[in-house]
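# Structural features, examined
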Amino acid sequence: MPRSTSESSLVTYYDPKSPISEAYRTLRTNIQFSSFDEAIRVIMVASANPGEGKSTTASNLAVTYAQEGKKVLLIDADLRKPSVFKVFQVSNRVGLSTVVSGQCRAADAVQETLVDNLFVLPSGPVPPNPSELLASQSMKATLEQFKADFDVIVFDTPPVLAVTDSIIVSSLCQGVLLVVHAGKVKSELVRKAKSSLEHAHTRILGVVLNNTKSRKGDKYNYYYYGAEAK
């Protein structure tokens, strides 16, 4: 019997003792130690192209923070092709788009998940102007409200090279993790995505290399945290 989207994506919840879950916890720890001056509380997870494991990485990273006892909010800022609501099996009737556009209160859009301490704000209905909505003063005010209510905020966003939405969201965050699918995406595209983020004065916390091989040669979704990308 095939596993549900939630089970197949949330390895840190359903299989917390696995090597992949341990890698996510290492990722969380490295982020925490990446800054001595201030705690990294607002993180964006990005990728150059679709299908590189960005949403899975954002979801599992959020779970590991919640498992540590932090109050965590995972925001789906992919207003064009959302996926977080599928991973956590919640409604997408209201979400970020309806909150920022003033159609509902944040408290009515944020939803509990099966993971203690972890809440999600799905994308909500697709708006006619995603980039303008994310760049609005209302978006900034909404994030400030969330920062007062949550210990850690994780953004899932569209691929960097597809639309400008990710660059806009990155300006609101303290740092960005760049997810790269090993052997799938061309290196020049990764460099182009990195350059676009840096042009927006974004701090790149590191690179998550997805779908590498273990030492035994078995291929599986393994995540690795590197120092700031070069």
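Check the entry above for the structure.
Now for a quick tour of the structure. (Residues numbered from 1 in each chain as written. Predicted model: local features only at pLDDT ≥ 70, side-chain atom pairs only at ≥ 80, totals over all residues. Heavy atoms only, no water.)

## So, the packing of aromatic side chains
Think of a pair of aromatic rings as described by two things: how far the centres are apart, and how the planes are tilted against each other in angle. Counting across every chain of the model gives 3 aromatic pairs. Considering the side-chain rings of Phe119 and Phe150, the 5.8 Å spacing of their centres and the 65° angle between planes classify their relative orientation as edge-to-face. Separated by 31 residues along the polypeptide, Phe119 in strand 4 (residues 118–121) and Phe150 in the loop between helix 9 (137–149) and strand 5 (152–156) bring together distant segments of the chain. Where Phe146 meets Phe150, the ring centres are 6.2 Å apart and the plane angle is 65°; that geometry is what we call edge-to-face. For the pair Phe146 and Phe150, a shared accessibility class is recorded, and that class is buried. Members of the aromatic cluster, each reached through a chain of ring pairs, are Phe119, Phe146 and Phe150. Looking at Lys71, its charged tip hangs above the ring of Phe119, at a distance of 5.7 Å from the centre. (Phe/Tyr/Trp six-rings, centres within 6.5 Å; stacked < 30°, edge-to-face > 60°. Helix = DSSP H or I, 4+ residues; strand = E, 2+ residues; numbered from the N terminus. Buried < 20%, exposed > 50% of the residue type's maximum accessible area, 1.4 Å probe, protein only. Lys NZ or Arg CZ within 6 Å of the ring centre and 35° of its normal.)

## Thoughts on helix 3 (residues 19–32)
For helix 3, built from 14 residues, the straight-helix expectation of 20 Å at 1.5 Å per residue is met to within 8% by its first-to-last C-alpha distance of 20 Å. Here helix 3 has its buried residues at Ile20, Ser21, Ala23, Tyr24, Leu27, Arg28 and Ile31. Along helix 3, the residues classed as buried sweep out an arc of 160° about the axis, all on the same side. Residues of helix 3 that are buried sit in contact with helix 2 (11–14), strand 1 (42–47), helix 4 (54–67), strand 6 (175–181) and strand 7 (204–210). (Expected span 1.5 Å × (residues − 1). Arc of directions from axis to C-beta. Contact = heavy atoms within 4.5 Å.)

## Quick look at the nonpolar core
Nonpolar side chains in soluble globular proteins tend to end up buried together. If you look at the biggest cluster of nonpolar residues, it comprises 38 residues, and the most contacted ones within it are Leu96, Leu121, Phe146 and Phe155. Beyond its immediate sequence surroundings of up to four residues, Phe146 is in contact with Leu73, Ile75, Ala106, Val110, Leu121 and Ile153. (Core = buried A, V, L, I, M, F, W, Y, C linked by side-chain atoms within 4.5 Å.)

## Thoughts on a nonpolar patch on the surface
On the surface, Tyr13, Tyr14 and Leu114 cluster together into a nonpolar patch covering about 250 Å² of accessible area. Relative to the elements of secondary structure, Tyr13 occurs in helix 2. According to the relative accessible area criterion, Tyr13 is partly exposed, its value standing at 33%. (Patch = residues over 30% accessible without salt bridge, like charges linked within 9 Å, V, L, I, M, F, W, Y side chains within 5 Å. Areas by Shrake-Rupley, 256 points an atom, 1.4 Å probe, with all protein chains shown as cover. Salt bridge = Lys/Arg side-chain N within 4 Å of Asp/Glu carboxyl O.)

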